[in-house]
Structures are given as C-alpha cells and as structure tokens.
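# Coordinates in review
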Amino acid sequence: MEIKRFDMEKDLQRLESYLRDSYYENGNMTSWLPQRLHDLIYRMDVQYTDCGLPRSADYIFMWEDGGSIVGCILPDGDAVYMSIKKGHESIFADMVSYAEENCLPLFQKDKDGSVDFLVIANDSLAYRGEILTEMGYSRQAEEDYDNYVYPQTAAVTVELPDGYNLLCGDEYPDEALKWSALNLGFHPELEFEGYRNGMTAYESRKKSSMYSDSFEVIITDDETADENNVCAYCFVYVDTVTKTALIEPVSTREKYRHKGLGTALMHGAILKCREKGVLKCYVNSYDWRRKFYNAAGFITEDSVGFWHKRLK
C-alpha cells in the first residue's frame, strides 16, 4: 500500500474515475461525486485562498494498491472525509491517524495551540462511527444529510408569485448580480444597494471540465426598484458519465424567503436536469434544511455525522 499526495495535473482524471467507480459500486453518495471534487477545486479553494486560507486540494491524499486508488482523504476547509473502496475498510483508522498528522494546517488553532479536528462520516457506514469513538472522537448532535431525486419521474412544476420569473444560465447575463445575490443569501448582513461579491471563484469555476454541461438557475423579482433583482440562485454540476447532478450552492436572499421561491428554484433545477438526461440529482442539506428539500421532492438518502476530537 502506497500513500500519495494528490497532484492536480497528474491525478485529477484518475481521482474522478475512482469517484465514479465508487458511485457505480455504491449507488449512493457514501463517497463524493466527482462534481463535489470539482466544486472544491474550482470554487471553494479559490474562496479559501482569497481569504488567506490554504487550499484544501493540497491536502488530498490517496491510498494506492498496485497502482489503483483504493481510498483517499478528501478535505474541505476545516473538515476531512474519507472515501474507501469496498473490501479495504480496514485502512480507515490509519487514514484518520494520517489525516490528524498531515491535515492540521487546514484547521485554525485556538489560543492554547489546539485544534477542533473534524471528521465527516456517513451514518450508513456504521463501522466508521465505531472506530472514531474508539479513537476519542465525539459525534455532535446536528447532522448533515444527503438528499436525492430522480428527475425523470419527479412530479414537479414551477409555481411562482406574480412578478417573479425563473431563468437558466445565460438567460440572465449579468454574472456579477447573480454571484452577488448568492453571497447575500448566506450573508444577509452585507445587504445594501450596490453590493458586489468578488468574482474570482465564479470565473475559476468556468475552468472545470464539467462547466459546459452544468448550469445556473435563478429567480428574479421583476417589479423591484433595486438594481440587483436576483432573489434566489443555485448552480447545478452535471456529470454526463454517471448522469448525476449535484446542486451546490443554493441560496435565497433573506428578504425573499417564505414566498415559495426556494421550492420553485429546486423544481426548476429538477426540470432542467430532466432535459439533460440526468438520472439522479443530489443536494446536501444541514439541520432544518432537510425539511425544505424533502418538501421540494427530494428524498433523504443518508445522514452524515460530524465527529470532533481536540488535537494539540
């Protein structure tokens, strides 16, 4: 068994293939979709470096047996996830220990020099929770959720209040307004006329090989006097090989919530996925958001635990 650090130029296609094979083998998201990897590399890592933080992709490590990937550490900011090929579950504890030693730069140190080390583990892979407990980790109460829908069979329609409109991709050409509205949904304290979000991550995402098959969905308020009339935004990564889609990120500005716009946004994304021949569409949720996605037609596939351990 050999451990290698991920090299973008040499290993991206290899890691994509491994993640696709894992999806075919499992039929679910107990391993990352390749879209999740692209979102990390081409969007999230750019946002991290813009904030002076390290690139998560620099801390991807792969376990290889006979030249084939059988497992990998997949970090995203201050959290790490392990993907393991069936039949190689015995390497999990070693992977966690390796992450504790080699992924620490991703975590912010407290005043005493310690870090709150976070490992993400699917609850359906029960052995991981057992091992993490033995290694001194504690599971927090709040959960993450993987949710999915079959676009081909989903009975959905786009219903919007008067004065609102749903658009896809280039139907709304002002990229700065779309990207700014997305960030305002996550940070309502930034809401003011003329706000603009930095565009480096938006432009970087266009470098992804999946970009041409992927798409944006937005909802606009056509009656507002504000310059930015984008109410809600999502991006949908499409992998034409696995015929899966990953909706990430999803955002509705605070002043436009509780109007049914979020459900309409999801239904618009589902219908567009249907047009593109997507067989299964995923979205990740946290805490109360699971009810929102379930109400929009998504089924919860798995709960995901946050496992913490204080390291010095």
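The rules behind the values
- Residues numbered from 1 in each chain as written.
- Predicted model: local features only at pLDDT ≥ 70, side-chain atom pairs only at ≥ 80, totals over all residues.
- Heavy atoms only, no water.
- Helix = DSSP H or I, 4+ residues; strand = E, 2+ residues; numbered from the N terminus.
- Contact = heavy atoms within 4.5 Å.
- Polar contact = N/O pair within 3.5 Å; in protein donor to acceptor, adjacent residues only side chain to side chain.
- Buried < 20%, exposed > 50% of the residue type's maximum accessible area, 1.4 Å probe, protein only.
- Axes fitted to C-alpha atoms, helices over the stretch in contact; angles between N-to-C directions.
- Parallel < 35°, antiparallel > 145°, perpendicular 65-115°, else oblique.
- Nonpolar A, V, L, I, M, F, W, Y, C, P; charged D, E, K, R; others polar.

## A look at the environment of Glu191
Mapped onto the elements, Glu191 comes out in the loop between helix 5 (175-186) and helix 6 (200-205). Apart from the residues lying within four places of it in its own chain, the contact partners of Glu191 are Leu184, Arg253 and Lys255. A distance of 2.4 Å separates polar atoms of two side chains, one belonging to Glu191 and the other to Arg253.

## A look at the environment of Thr263
For Thr263, the location among the structural elements is in helix 7 (residues 261-275). Classification of Thr263 as partly exposed rests on a relative accessible area of 25%. Once the C-alpha coordinates of Thr263 and Ala126 are considered, the two residues, 137 residues apart in sequence, prove to be 33 Å apart.

## Brief notes about the packing of helix 1 (residues 8-26) against helix 2 (residues 34-50)
Relative orientation of the contacting elements helix 1 and helix 2 amounts to 150°, with a least axis distance of 9 Å. Between helix 1 and helix 2, the interaxial angle falls into the category roughly antiparallel. Counting all contacts with helix 1, which are made through Met8, Leu12, Leu15, Glu16, Leu19 and Arg20, the residues of helix 2 involved are Pro34, Leu37, His38, Ile41 and Tyr42. Classifying every residue of the contact of helix 1 with helix 2 gives eight nonpolar, one polar and two charged.

## Some points on unusual backbone geometry
Residues Glu248 and Pro249 are joined by a peptide bond in cis, for which omega reads 0°. For His258, which is not glycine, the phi torsion reads 65° and is therefore positive. Note on placement: His258 falls in the loop between strand 10 (244-252) and helix 7.

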